[in-house]
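# Structural overview
Here is how the chains run, residue by residue.
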Amino acid sequence: MKYFALLTTYGEKVLAEATALGTKIELTHMAVGDGGGTLPAPDTKQTKLVNEKRRAAINTLFIDSVNTNQVIAEQVIPENEGGWWIREIGLFDKSGLLVAVANCPETYKPLLAEGSGRTQTIRMILIVSHTEAVTLKVDPAIVLATRGYVDDSVKTAIETHVKSRNHPDATTSAKGFVQLADTLSEDNSKAVTPKLATEINQRALNAQTSANAANTAATNANNNANGRVPSTRKVNNKPLSTDITLSAGDVNAYTKTETDTKVADAKKAGTDANTNANGRVPNTRKVNNKPLSADITLSAGDVGAYTKAETDTKVADANTNANGRVPNTRKVNNKPLSADITLSAGDVGAYTKAETDTKVADAKKAGTDAQATANAANTAATNANNNANGRVPSGRKVNNKALTADIVLNAGDVGAYTKAEVDTKINTGFGYTQKWKDVSVDRKSGVTYTNSTGNTIAIAVMQTENSQNPGVTFFVDGLELFSTVRSSGAAVQGAMCIVPRGSTYKFVTTVNAKARVMEMRQ
């Protein structure tokens, strides 16, 4: 068998002694372990688990009801413990020594913090010859019940309770048995029957019908009252219980006396303002949105008023509209409309035409005085503007540099090179600052070299000894550019080639003769 349990040497000894002497062994704890990472084989010589991970009191210890030679021990591992594998199980007595050991199918006990958790029950079945030698006792203070044990206990308790009549009476704060009643009373210990509930509902419907009738009567009364003006209604805070007369104060207007005072104060304020404004008004100042750069004339529309003609028209329209529309007992400024009436300026608290002309003349004179002052200010402003014309504004820019202060333009501002930049560009040209150098020692025929000087160079090769058919071939970047060969007898032969910067180059002489090599470079 792959999975099994057995008594340890110590377990066999104490069980044999208990059987022979009639005593008992007391199993108290169960431990689980991970076997050190592999499934262990239980051994009678073991005194401990291979790698113990948890030890706790046994939750349940009982004799199998079907096989009386089997002792079953159970332990419940809660969901907040784990994070290890379970491969081995051990039973310990009250002295803490290993009595039995077993292995089991590998199972991982997750830790709740890992994202998964479960309550796991571990069971060991131990077959012994004399179960009476084992004490079946657990500590109830530390036992964690299994789901099956709890389900069985609850089922048994419910069945016992259902069969009994020991149930409390119901109260307003707790459930229980209750007696029914079908008549109204003040006894709060009885419940309402459907018959009594129907009677109570009918009484409520009757009360609702009476309330609806009363509500309809109230609605009719309100509708009758709507549309009537109450005697407490007011016009400008004066009740309509009698005829009323509105004064200037009632319509938030000034009386003639108050208006005269205001005009006098305004004229004085205007005079004081003109005196203070001499030489101070800029030509951009506006009166009723009309600039003082020239003479202005204010009309009635400019000051938000009607002209005389517009006023006469509106009064005529109002009189025409009002004809035949008011009761003959109505009064206008205390004059009854029982006959034609004529209202004078004094009747409506206004000035007559003559009074108005006088007021307007005074206002015109004040305006003329102000205009003279404004003309002087305008002349001064015109002189200042003429002086400013033709000058460059401080916000003007030259090559994006503002003229708010002295500016200095450099070559970069006008998109040009500085002298130093021009010199640098010129000095890097072919032949500039370069000289011919003898490099015969460092240059050999047939060897490839690289121009790493950063500039274009020139190379010249000349055979310095007479030889038969001398010649030189030049290669740049692997390309043969030209060859020079003289075939009319012994002679001295030479040639020159240009090599761009970064290019490779080599020369090959046709005969094995000494050659002089010159390069023009820095």
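Summary of the structure given here. (Residues numbered from 1 in each chain as written. Predicted model: local features only at pLDDT ≥ 70, side-chain atom pairs only at ≥ 80, totals over all residues. Heavy atoms only, no water.)

With that out of the way, let us pick up the overall build of the chain. Along the chain, the regular secondary structure elements total 7 helices and 27 strands. Across the 522 residues of the chain, 23% fall into the buried class. When contacts within the chain are restricted to residue pairs at least 6 apart in sequence, long-range pairs at least 24 apart make up 63% of them. When the accessible surface of the chain is totalled, it reaches about 35400 Å², and 53% of it is carbon and sulfur. (Helix = DSSP H or I, 4+ residues; strand = E, 2+ residues; numbered from the N terminus. Buried < 20%, exposed > 50% of the residue type's maximum accessible area, 1.4 Å probe, protein only. Contact = heavy atoms within 4.5 Å. Areas by Shrake-Rupley, 256 points an atom, 1.4 Å probe, with all protein chains shown as cover.)

If you walk through the whole model with that rule in mind, you get 2 aromatic pairs. Geometrically, the ring pair formed by Tyr449 and Tyr505 is tilted, given 6.1 Å between the ring centres and 40 degrees between the ring planes. Remark: Tyr505 occurs in strand S26 (residues 504–509) and Tyr449 occurs in strand S21 (residues 449–450); sequence separation between them is 56 residues. We classify Tyr505 as buried; its relative accessible area is 4%. Taking the ring centre of Phe92 as reference, the NZ or CZ of Arg55 above it sits at 3.8 Å. In this structure, Lys506 is placed above the aromatic ring of Phe475, and the distance from its NZ or CZ to the ring centre is 5.1 Å. (Phe/Tyr/Trp six-rings, centres within 6.5 Å; stacked < 30°, edge-to-face > 60°. Lys NZ or Arg CZ within 6 Å of the ring centre and 35° of its normal.)

Turning next to the side chain of Arg87. Along the chain, Arg87 turns up in strand S6 (residues 84–93). A distance of 2.4 Å separates a polar atom in the side chain of Arg87 from a polar atom in the side chain of Glu106. Setting aside residues up to four positions removed in sequence, Arg87 forms contacts with Gly33, Asp34, Gly35, Gly37, Thr38, Leu39, Pro40, Asn103, Cys104 and Glu106. (Polar contact = N/O pair within 3.5 Å; in protein donor to acceptor, adjacent residues only side chain to side chain.)

Take the sheet that holds strand S22 (residues 457–463) next. Pairing is antiparallel in the open sheet, where 4 strands are placed in the order S20-S27-S22-S25. The open sheet is flanked by strand S20 (435–438) and strand S25 (494–499), the only strands paired with a single partner. Averaged over all pairs of adjacent strands, the angle between their axes in this sheet comes to 20 degrees, without regard to strand direction. (Pairing = 2+ DSSP bridges. Axes fitted to C-alpha atoms, helices over the stretch in contact; angles between N-to-C directions.)

What follows concerns the pattern of salt bridges. Applying the stated criterion to the full structure yields 15 salt bridges. As a salt-bridge pair, Lys335 and Asp347 come within 2.9 Å of each other at their nearest N and O atoms. Here Lys335 is found in strand S17 (residues 335–336), whereas its partner Asp347 is found in the loop between S17 and helix H6 (353–388), with 12 residues between them in sequence. A relative accessible area of 26% means that Asp347 is categorised as partly exposed. (Salt bridge = Lys/Arg side-chain N within 4 Å of Asp/Glu carboxyl O.)

The next subject is helix H1 (residues 9–21). End to end, H1 covers 18 Å across 13 residues, agreeing with the expected 18 Å (1.5 Å per residue, within 8%). Among the residues making up H1, those that are buried are Gly11, Val14, Leu15 and Ala18. One side of H1 holds all its buried residues, which, seen down the axis, span an arc of 100 degrees. Opposite the packed face of H1, turned more than 90 degrees from it, sit the exposed residues Lys13, Ala20 and Leu21. Following H1 by one or two positions, Gly22 has its phi on the positive side, about 80 degrees. (Expected span 1.5 Å × (residues − 1). Arc of directions from axis to C-beta.)

Judged by nonpolar contacts, the single largest core of 25 residues is most densely connected at Met30, Ile58, Ile86, Leu91, Ile122 and Met124. Only H1, strand S2 (25–33), strand S5 (70–77), S6, strand S7 (98–109) and strand S8 (120–127) provide two or more residues apiece to this core. The next biggest cluster of nonpolar side chains, apart from the first, holds 14 residues, and it includes Val439, Tyr449, Phe474 and Ala495. (Core = buried A, V, L, I, M, F, W, Y, C linked by side-chain atoms within 4.5 Å.)

Turning our eyes to something else, we now look at the pairing of S5. In terms of residue burial, S5 counts as a mostly covered element, since 8 of its 8 residues are buried. Burial of the side chains of S5 extends over both faces: Gln70, Ile72, Glu74 and Val76 are buried on one face and Val71, Ala73, Gln75 and Ile77 on the other. Pairing of strand S4 (residues 60–63) with S5 involves 4 bridges; the strand directions are antiparallel. In the sheet register, Ile63 faces S5, and the bridge partner there is Val71. A loop of 6 residues connects S4 with S5, the two strands running antiparallel in sequence.

Turning our attention to the environment of Pro291. Looking at the element boundaries, Pro291 is found in strand S15 (residues 290–291). Taking relative accessible area as the criterion, Pro291 reaches 38% and is therefore assigned partly exposed. Beyond its immediate sequence surroundings of up to four residues, Pro291 is in contact with Arg285, Lys286 and Ile296.

The phi dihedral of Asn237 is positive, around 70 degrees, even though this residue is not glycine. Mapped onto the fold, Asn237 is located in the loop between strand S12 (234–235) and strand S13 (238–239). Residue Asn237 is classed as exposed on the basis of its relative accessible area of 62%. Here Asn400, not a glycine, exhibits a phi torsion of approximately 70 degrees, which is positive. With respect to the helices and strands, the residue Asn400 is situated in the loop between strand S18 (397–398) and strand S19 (401–402). Relative accessible area serves as the criterion here: at 65%, Asn400 is assigned to the exposed category.

This part is about the sheet that holds S5. Strand order in the open sheet made by the 3 strands is S4-S5-S8, with antiparallel pairing throughout. Of all the strands in the sheet, the pair left with one neighbour each is S4 and S8. For this sheet the average axis-to-axis angle between neighbouring strands, irrespective of direction, equals 15 degrees.

We now examine the side chain of Glu519. Structurally, Glu519 can be placed in strand S27 (residues 515–521). A distance of 2.8 Å separates polar atoms of two side chains, one belonging to Glu519 and the other to Arg443. A polar contact of 2.7 Å, which involves the side chain of Glu519, links it to the side chain of Tyr505. Among all residues touching Glu519, those that are not within four sequence positions of it are Lys435, Trp436, Lys437, Val439, Arg443, Ile457, Ala458, Ile459 and Tyr505.

Moving on: a nonpolar patch on the surface. A cluster of nonpolar residues, Val235, Leu240, Ile244, Leu246 and Val251, forms a patch on the protein surface that exposes about 350 Å² of accessible area. On the secondary structure map, Ile244 appears in the loop between S13 and helix H4 (256–277). (Patch = residues over 30% accessible without salt bridge, like charges linked within 9 Å, V, L, I, M, F, W, Y side chains within 5 Å.)

Take the environment of Ile457 next. Within the element layout of this structure, Ile457 appears in strand S22. When the C-alpha positions of Ile457 and Glu519 are compared, they lie 6.9 Å apart, and in sequence the two are 62 residues distant. Ile457 has contacts with Phe430, Gln434, Asn451, Cys497, Ile498, Val499, Tyr505, Glu519, Met520 and Arg521, leaving out every residue within four places of it along the chain.

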